[in-house]
Amino acid sequence: MSVHVTAEVLMTKRIGAHQHLTLVAPGVGELVRPGSFLAASIGRPGEATAHLARRPLWIHKVQPMAGYGATVQVVVEPVGPGTRWLAGLAVGDRLDVTGPLGRPFALPREPVATLLVGEAHGVAALQLLAERLHERGCPVSLLLGAPDEARLLPDLELRRTARSVVVVTADGSVGQRGDVADLVGETLRRSEAQVVYAAAGLPALHAVARAAEEHGAWSQTAVAMPLPCATGLCQGCPLPVVAEDGVQRTVRGCVEGPVVRGDRVRWDDLRAQAAAVPGPVGSAGRAGTRP
Amino acid sequence: MSAVRVSGLSLRSPVLVAAGCGGRELHAWSPLDALGAVVTRTVTLDARPGARWPRVVESPAGLLHATGRPNPGLEGFLAGELPELVRLGARVVVSVAGVAALPGQSDGLVPLARRLGALPGVAALELDLATPEAAHQGLLSAEEPHAVALAVGAVVRELPPGVPLWAKLPGRPGVVAAARAAAEAGAGAVVVGGAVPAALPDGRPCGLSGPAIGGVTRRWVREVCDALPALDVVASGGVAGVDDVRALRALGAVAVQVGSVALHDPAAPGRIAAELAVRPSPSPDSRGGAA
Ligand SMILES: Cc1cc2nc3c(=O)[nH]c(=O)nc-3n(C[C@H](O)[C@H](O)[C@H](O)COP(=O)(O)O)c2cc1C
Ligand code: FES
């Protein structure tokens, strides 16, 4: 279930490289599940826009607020015309959104140990998941990465649910120097997790899927790719997988994804197709289309 | 009420969803049973995996697209998409295309028409002759009037009475002759417009759709309607809102397809149909319309 509504900006706040927006989007918050995203339309509701593609954004938090119902928070890294427009919205501004969308993270039935891997604003996709796992008695370990401190999401709330936290930045400005992909194997071994959840760039997701396979764990990977419509209509989001019957298929990243079992994705094919697209798609944890 | 007759079919509304821009997912935001018809994505006899990434790219007020017509083939379509659309109450027009074939080989259109024409859930067929990247994608393209007549005639011969064929013809110089040839070969209506030939950023042939091409569609719809007043003309290309629909109808189109805008705003087709039902003709201040 998902709705298409005109949302209103209730709060907007710059934290590091990201703009954190709190939206009153009637009907969206109530339906959110961990790993859901929403699709924003760029441009004022009801007016012609030059930007037709949707901008998918992970739903970071859902918070009931007196008089507004369940508000939703999203994280925007302003890197292109669409994300700059979103980041520039002021309190009271309106925008059209569709959500929640996508196949969410599958939660374990048993209280098994879990590892959550997030990179850059992909970390936003993990907040609700961590809370849900914590409620179910699943021990949560975290591996969080970003290019630098400014692009590392604040993780205080996440840490509250976690047994252990490893932070890594490419420039070493916080935590260890390096990147998520290099540390996944070792972190997984130490955490003894039976399920790894990840929202990150493709190299890191690929590393997660591989490490899970080696350690006999399950992996649930949230694949960030451009989603021109985000609603399953345009076939613009091909995700190469091996289906349950063993046959190679191409499914839609927005509907059959964004969360897929790591052992089902044809990572080499996915990375090869992403490499053909200029821009940050293949590298950052963006659920975005042309940013 | 805003019901219209197109090629002898009575449709609930003159607002249809264009091929490749709507499917069962759309029903959540634009109830399919309130639209004139849903034109399916283009189906070929055999399944097609579709083109490589990127397939759909934003362009000012438009979308560049070269999907490669991914589809599950006739059998997959009959097993999955068609029954779903029928169940949701959609009037279904099945878009079909032939594949480029050597002399003596089959382009697949005859078996497609035979099977589809016999099914009660199929209201009409739309023969796609307007794909700008057809040759590049190995699809049958027909530009000259006699080639159009051949392709149309081959399909019409296989359809039972009461199941009309619509010929989708590219808006370009020569469209009037192509439309006349299609009508003489038995097409019940022509769909005029479609995407404008363009290229993706990497140079691959593609189509340009969306509000950017609205003026192009108006031009060719007007020429065909003026030259062939007895022929039912369906317009496709650049519709952004209800004023565009009114303007195209004022030029003589009996029905109008909404494509890209459904990808940007999945509630748009339903909203446009509802607004049109309330006030079908252009208001004096929007004449010449589609501003
Ligand atoms: C993503 C996408 C996929 C499309 N797929 C098809 C298709 O399968 N068959 C077809 O005949 N036209 C297809 N079209 C063309 C549309 O049906 C329509 O004619 C064209 O986009 C112009 O209308 P618009 O400006 O309202 O989008 C596609 C267009 C888009 C944007
Ligand atoms: S983004 Fe359009 S189908 Fe997935």
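Here the structure is a predicted model, which means the values were calculated and not measured.

About the cut-offs
Residues numbered from 1 in each chain as written. Chains lettered and ligands numbered in written order. Predicted model: local features only at pLDDT ≥ 70, side-chain atom pairs only at ≥ 80, totals over all residues. Heavy atoms only, no water. Helix = DSSP H or I, 4+ residues; strand = E, 2+ residues; numbered from the N terminus. Contact = heavy atoms within 4.5 Å. pLDDT = per-residue confidence, 0-100. Near = heavy atom within 4 Å. Polar contact = N/O pair within 3.5 Å; in protein donor to acceptor, adjacent residues only side chain to side chain. Nonpolar A, V, L, I, M, F, W, Y, C, P; charged D, E, K, R; others polar. Buried area = accessible area lost by both parts, 1.4 Å probe. Salt bridge = Lys/Arg side-chain N within 4 Å of Asp/Glu carboxyl O. Buried < 20%, exposed > 50% of the residue type's maximum accessible area, 1.4 Å probe, protein only.

Draft legend 1. Inspection of the side chain of Asp148 of chain A at higher detail. Residue placement: Asp148 of chain A occurs in the loop between β8 (140–146) and α3 (156–160). Among residues more than four places away in sequence, those in contact with Asp148 of chain A are Thr169, Asp171 and Ser173 of chain A.

Draft legend 2. Summary view of the confidence of the model for chain A. For chain A, the mean per-residue pLDDT works out to 93, and 95% of the residues sit at or above 70. Predicted confidence is poor over residues 279–290 of chain A, with pLDDT under 50, and the contacts of this stretch with residues over four places away or in other chains come to 47 contacts.

Draft legend 3. Representation of the site of ligand 1 within the structure. The environment of ligand 1 is made up of 21 residues, and the closest members are Thr42, Ser209, Ser236, Gly238 and Ser260 of chain B. Chains contributing residues to the immediate surroundings of ligand 1 are chains A and B. Separating an oxygen atom of ligand 1 from a side-chain N or O atom of Asp128 of chain B is a distance of 3.3 Å. Within the side chain of Ser236 of chain B, an N or O atom sits 2.7 Å from an oxygen atom of ligand 1. Residues that form the shell around ligand 1 fall into these classes: seven nonpolar, eleven polar and three charged.

Draft legend 4. Quick peek at the interface of chain B and chain A. Contact residues are listed per partner, giving 32 residues for chain B and 35 residues for chain A. Three residues, Trp53, Glu58 and His264 of chain B, lead the burial of chain B against chain A; their summed loss comes to 37% of the area buried on that side. Here chain B and chain A share two salt bridges between them. As a salt-bridge pair, Arg55 of chain A and Glu58 of chain B come within 2.7 Å of each other at their nearest N and O atoms.

Draft legend 5. The confidence of the model for chain B, seen in detail. Residues and elements named next belong to chain B. When pLDDT is averaged along chain B, the result is 94, and 97% of the positions lie at 70 or above. Low pLDDT, under 50, characterises residues 286–291; the stretch is placed with five contacts to residues that sit more than four places away or in other chains. Both confidence scores are given for the complex: pTM 0.94, ipTM 0.94.

Draft legend 6. Main features of the environment of Gln273 of chain A. Note that Gln273 of chain A resides in helix α6 (residues 267–275). Since its relative accessible area comes to 15%, Gln273 of chain A is described here as buried. Through-space distance from the C-alpha of Gln273 of chain A to that of Leu239 of chain A is 9.5 Å; in sequence the pair is 34 residues apart. Beyond its immediate stretch of four places on either side in the chain, Gln273 of chain A contacts Met225, Pro238 and Pro240 of chain A together with Trp53 of chain B.

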